[in-house]
Every structure is written in C-alpha cells, then in structure tokens.
Amino acid sequence: MQSSQRKRVVSSCIPCYTRKQKCNRQYPCNHCSRRRRPEQCAYNPSQATLPPSPPQTQKDHLHDDEIQTDDSQQEAQAERRPSASSSVQDTINWGGLKEGREPTSLTEVFGYFENSKSNTIALVRKLGADDDTTGHSSEPAPVPEETAIIAQRLFASMPNRSILDFLVRYFIAEVSWMDQLIYPPWFLSHYQKWWEMERTSTAYGIEFAVLVLRICSYASQFLPSPTCTIDSIRGVPLADIRKSCDRIADALTPICSRLDARGSLIRVQHVAFAGLRSLCQGRTNGHWEALSCAVRVAQRIGLHVDATSGFYSPNMDELEKEMRRRTFCNLYVWDSVLSKRLDQIPFLPDALNPDTMPRMHLVLGLDDVPQADAPDLFTERVLEAQVANFWRTHGSGNATEYDPIAAEERYEKFCSEFLPEIPPVFALYPDTCDKWDARLPTLPLQRQMFHMAILESLCHNFRPALFQEANSIQQLPAYKQILLSSHKRALAVIALNLLEGVSALHLMMGGSHTRHASLIIPTFEAAVVLLCLCSDGNFPPKAETTLRRGSTTSMTKSSDPFGVGVTDVAKDECIQAVGGALGRLQTLADMNHMAEVGARTLTRLLGKLEKISDTTVSEANTLMRLDTDPIVITDPALQLSEAWNCLQTPDYAEVEFLAENTPTTDMSVFSWF
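Residues numbered from 1 in each chain as written. Predicted model: local features only at pLDDT ≥ 70, side-chain atom pairs only at ≥ 80, totals over all residues. Heavy atoms only, no water.

Per an unreviewed UniProt entry, the chain carries the name Fungal specific transcription factor and comes from Podospora comata. Per its UniProt entry, the chain bears the Subcellular location (unreviewed entry) comment "Nucleus". (UniProt positions renumbered as here; feature names shortened; annotations may be inferred.)

Put into structure tokens, the structure is as follows:
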C-alpha cells in the first residue's frame, strides 16, 4: 500500500500563486503593491492555523513568542509608565501642552484655530506675522531618545507580523465595509511603508502603530465568523491577541499625545476605532466619549473646514484630502445617530457644510468597467450623512410638546424631496441592483443598512407620539387626535419593517453570532416601540379606516415606499415580531453583552405586558356581562374625512360642519398610516 504524502501548503498569496510569481508572503505582498492593487492581496484562510513561524532576523526584531503579555518584566515596566487604563481619557488629558514645555505659539496660548479665516489669528497673519510664531509647526518633532526606547520596548511586545497581517487582511475583507472609516488602498499603502521605516524615530510611526493595533483589536471582535471559523492565529488565542493589542495601544496613546499635542488624521481614526471597539463590547458611553475626543482632535486639525484651504500643507495630495473629508463624514453620522439615541447635544453643528463632504469617486475591485459607471461603496455613508442632515435641519419631534401637524409635514417633505434623490443603486426599490450586487458582495449589505437608517430616522420622527399623556390627548382637537392615532399606527408599521430589515441583514451576514451593534440596537429599540404600542388599550386605533392591500390603485411605491398605507397592523402581529426580536437577541447574547442585557429587558417587559393583557381581558368580560346597551359604532371613513378636511381648512372650522361633507378617497396625507 502506497503511503500518503503530506500535501504541500501554499504560502503565497492567491494573485501571486495564480500568476506563478514569487511572493514575499507579507501583507500586502511586493507584487500586489507594485500592481497598485494591495486590497486584492489575499491568502488561503488555512494559514491562520499554521504553527508559529521560527524567529526571524528582521529589522523590527519581532518574534512569535513576544506575543505573550504576562512577562513579569513587561508588567513591571507597565506599572512604571503612566496609567493607560483608558486610552481615550489619556488622549483627552494629553490633548493640551506637552509635558515640561512652555507654550510658545499664539495658537497654544490663546487656543485659536490656526486654519481659521475669520478669527483674530487670521487678522494677525494679515498683518504679516510669521507662521512659526502664530501656528503649529509643520515640521515633525524629533522623538526623544528615552521615549524612543520605551516605544521600542512596546513594539517588541507586539504580536508577530504574521498575526497582524492576518487580522488586517480579515478587517479589509470582512469588516471595513460596515463603517468605512478607512479607504483600503490608502491604508495598505501606509501600512506597507510603516513596516519598512524606523517606526520609533517619528511621532507618525508611533501613532500609526496605535492605528494598526486598534484595527486588529476591532477585527478580532468579529472572530470566529462563518467565513473564518478559528479561535486562534498561529497558535495564539484570539483573547490573548486582543488583550495584547489593547494593552500596547493604551500605553502608546499618551506617548503620541506628548509628542504631538495637536493631533493628526491618524489619531482621529485610531480614537474612533477605540470607540467602535467599546460599542462592540456593549459600552455605548465609551463610544460617546471616544467620539467626543475624536471630534475635538478633528477640529484642531481642521477636518471641519474645506480641505482646499490655503493654510494646509502643499505636500498634501488629493487622496489625503479625500480621506479627511470621509473621516469627517463618518464623525457626523455617528454624532447624529448617537446624540439622538442618547438624547444628548451633538458635538458637531447642525448644518452639514457641502465643502467638507467627500468629492472623489473611488471604486474597488472593478477593473473591467468604466470607473464612472460603477458605484462607490462610500456613497452609503454619504447618504446616511444626508439623512442625518435632513432631520437636523428640519427639526425633530419633541417628547413633551409633540405637534402632529409638524411631524406630518416633516415626513411629507422627506418623501417628496429626499427619497427621490437617492441614487438608483441605493434606492428603496433598485432596478439595477442585480448588475452590481454580483460584482460587489458588500453592496447589498450596505444598501440594507442604509434602508434601516431611513426607518430609524422615521421612528425618531413619530416616536414622541408615544409620550403624550391621555389627558393632553383628550384636549386636542378631533382632527389632531385622529392624526396622532395614525402616527402611532405608522410607527408600528415602521418598527415592523425595521425588524424585518434587521432580520434580512442578519441573514446576509451569515445568520450567526456577531458583535456588530447595527443588528442589536435597532432590534431592541424597535421591539420596545412595539411593546409600548401594544400596552395601549386603544391600539390598534379603532377609529381609523384600515386600507387593505389592493383596496386602492392610487397607492404606489413612490407614494407609499414601505406599504404603510396598505398594511394592516394587529396587536398579535406586533407581539409575534417582538418575540422574534427577543429570539435574535438571545442568540447573539452568547457573544455580546449588549444583546444579553437587551434580551433580559425584553423578557421582563413581555412578562409585564402579558399580565396587563390578562387583566384587561378579565375586565372586558365583566363589562360585557354587566352592560346590555347596544354598542354605538362610529363610521371610521367619516372620521378620516373630518381629519382630512380640517387639515385642508385654514381656519380649522368645527368638526360637526365638516362631517357633513362626503368622505373622499384621496387619503394621501395618511398614505403611510
């Protein structure tokens, strides 16, 4: 019997193996970088299960055994360094002056934004003052020898390059599409140069190391996954890798702040990644604090102004300017979403300056079609920023003083002005999606996330209707009471659509465990909205006409995109949807603390709702036995007619007079309700 031979393991990247080129087995490799396609450099997933490679005599002297973080000497050094338990807080604390140095420039002493064209420093420059005395020096400050030694020791304890390459590669392929904080070719170009440079000689080298470690820690949050079922890389457990990356990044962050108090684009990005990691770990307040820090650094370096300003360095190329615009776009989206969700004041102004929006059309992975025809995946983030900007500029519902008319006007303006301007590939009902979905695997997921963002914004527009007290509602005119009831019904349909969207996105992502908050937070919040509606004894509203599907030919996808106007809403359907949401959270709770807390809360709320329902049914049966009078039924079409005509009448005449009009079939104002 012939003995089986050991199968040869392919260690080259897939493009080099296909082209039969000698690969240097790094990421990105030499040939992919030379072809200017670093994002296409990919390796066989089985490489992660290989045993650690023997120590190499490299410039950076990184060894596989240096991944261990429990060395006593390392711990002693960590104790002698400043506390780094919270890297974000360290960045905030060190965001001012460098330790042991007196301020010399005008911007440091007075705190002026040096790139301003309208403050006092602009007038000082107009009078001919030297930039060296007024602003931040453009020359990189040298790294003191003692600081370089400390940084080198920390670099020596970093995970081996093969581990970092694997996590960066996984991040580019499977994770970066979710937030798009970095543009893969731009980052990989810097990543390759960073490995080739003397990393402790400049503040940039140390700062970029923090960015790499934050990205690797964030990427490890999504492992194992359906596409990569591993719990270790090169024999090192993921938990140890994550702990090592966080510890070293936390220690390097205050060093970066001391070397460069002003900050840089790289700092904004690694602080933002620290916030995203906090969100994955169920610490939303940590994400909010990191966003606060990132916004302050962004303002210091001028991300909030036009990147074509004459104050910027002439060495900054157009791609670098575009990265600044895209980073600021992400900050605006997170600031808008979190401030609304947490009921906080936004860090950034309400109006979105068009000069700070992304301008370049950058397409990945499509070399055989014209770049102008292919969709740019970052368009999804731009559209989310435009959604946030719309609701900021047009106001939003107030929980204490909810105006149904104003909420209706905002909704109608959103449907008539914003929705028609959505690019076809991201439209609610795209006609050309099949053409690009097969070529761009993440496009359907990004489209789904954008549609969910629209639904969440509509929930925020109508949700204040749930906070209105019964006494206040009774004091409203009849037409406003009917409109308020229709908003509650619309809120139920939107929440149901949102839960369906989350379920679809979860299936697209593999239907398995994930720590991404885009699945957990909308699931929990939509379920809570439905529970609040179901706890109302008057839901669904009995005084409304229920438009059944197919009952009118005037309902189209343009006037009723989510089918709100032709969809029945039943309490049992809402309870069933909440049960499905609870099941999803319980499934995700195995790996996510946020999902665990949300599932525990929904379980409690469902139990209380069942008790309320049992009590209500018992009381209703008692009243039916005692009350023998006939039930007076109000004509629902007549009430809708009253509400519609009241809205059309400037002086809001008496409802009794309007009730004499014949009911109209034009119910466009209620097309979603």
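> Explain the overall build of the chain to me, and be specific about the residues and the numbers.
If you tally the helices and strands in the chain, you get 26 helices and two strands. Here the chain holds 673 residues, and the buried ones make up 51% of them. Of the contacts formed within the chain by residues at least 6 apart in sequence, a portion of 75% connects residues at least 24 apart. Split by element, the accessible area of the chain, about 32,800 Å² in all, is 52% carbon and sulfur. (Helix = DSSP H or I, 4+ residues; strand = E, 2+ residues; numbered from the N terminus. Buried < 20%, exposed > 50% of the residue type's maximum accessible area, 1.4 Å probe, protein only. Contact = heavy atoms within 4.5 Å. Areas by Shrake-Rupley, 256 points an atom, 1.4 Å probe, with all protein chains shown as cover.)

> How would you sum up the side chain of T523? Please name residues and give values.
Checked against the element boundaries, T523 lands in helix α22 (residues 517–534). Judged by its relative accessible area of 0%, T523 falls in the buried class. Not counting residues within four places of it along the chain, the set of residues in contact with T523 comprises L499, V502, A581, R584 and L585.

> Give a description of the UniProt feature "domain: Zn(2)-C6 fungal-type" (unreviewed entry) in the chain that names residues and reports values.
The positions UniProt marks with the feature "domain: Zn(2)-C6 fungal-type" (unreviewed entry) are residues 12–43. Overall, residues 12–43 shows 34% helix and 0% strand. The separation of its end C-alpha atoms is 7 Å.

> Pulling in residues and values, what's your account of helix α15 (residues 318–342)?
Here α15 spans 36 Å end to end across 25 residues, near enough to the 36 Å set by a 1.5 Å rise per residue. The element α15 is extensively covered by neighbouring structure, given that 18 of its 25 residues are classed as buried. Among the residues trailing α15, D343 stands out with phi positive, at a value near 55°. (Expected span 1.5 Å × (residues − 1).)

> Account for the state of the cysteines, with residues named and values stated.
Applying the stated rule across the entire model yields zero disulfides. C532 carries a free sulfur, and the closest cysteine sulfur to it, the one in C534, is 9.5 Å from it. The partly exposed category is assigned to C532, whose relative accessible area is 38%. (Disulfide = S-S within 2.5 Å.)

> Residue-level account of the pattern of salt bridges, with values.
For the coordinates displayed, the defined rule picks out 16 salt bridges. Here E322 makes a salt bridge to R325, at a shortest N to O gap of 3.0 Å. Of this pair, E322 and R325 are both found in helix α15, three residues apart, which corresponds to roughly one turn of the helix. Here E322 matches R325 in class, with each residue buried. (Salt bridge = Lys/Arg side-chain N within 4 Å of Asp/Glu carboxyl O.)

> Hey, could you go over unusual backbone geometry for me, with residue numbers and the actual values?
A cis amide bond links L223 to the next residue, P224, at an omega of -5°. For the peptide bond that leads from F539 to P540, omega is -5°, which places it in the cis range. Summarising the element assignment, P540 is placed in the loop between α22 and α23 (571–588). Even without glycine at this site, R25 takes up a positive phi of about 65°. Note that R25 resides in the loop between α1 (14–19) and α2 (30–34). Owing to a relative accessible area of 55%, R25 belongs among the exposed residues under this scheme. Positive phi is not limited to glycine here, since R36 has a value of about 60°. Examined against the element boundaries, R36 turns out to sit in the loop between α2 and α3 (72–80). In this structure R36 comes out as exposed when scored by relative accessible area, which is 69%.

> Kindly report on the side chain of R381, identifying the contributing residues and their values.
Position of R381 relative to the elements: it lies in helix α16 (residues 379–393). A polar side-chain atom of R381 sits 2.9 Å from a polar atom in the side chain of N330. Ignoring any residue separated from it by four or fewer positions in sequence, one finds R381 in contact with M178, D179, Q180, C329, N330, V333 and W334. (Polar contact = N/O pair within 3.5 Å; in protein donor to acceptor, adjacent residues only side chain to side chain.)

> Tell me about the packing of α16 against helix α19 (residues 443–462), and please be specific about residues and values.
The geometry of α16 relative to α19 is characterised by a closest axis approach of 10 Å and an angle of 10° between their N-to-C directions. Classified by the interaxial angle, the pair formed by α16 and α19 is roughly parallel. Between α16 and α19, the contacting residues are E380, L383, E384, V387 and W391 on the first element and Q446, M449, F450, A453, I454, S457, L458 and N461 on the second. (Axes fitted to C-alpha atoms, helices over the stretch in contact; angles between N-to-C directions. Parallel < 35°, antiparallel > 145°, perpendicular 65-115°, else oblique.)

> So, helix α9 (residues 161–179): which residues are in play, and what are the values?
The sharpest bend along α9 reaches about 50° and sits at I172. Counted residue by residue, α9 has 16 buried out of 19 residues, so it is predominantly covered. Looking at the residues trailing α9, positive phi occurs at Q180, about 55°. (Bend = angle between axes of the 7 residues up to and from the residue.)

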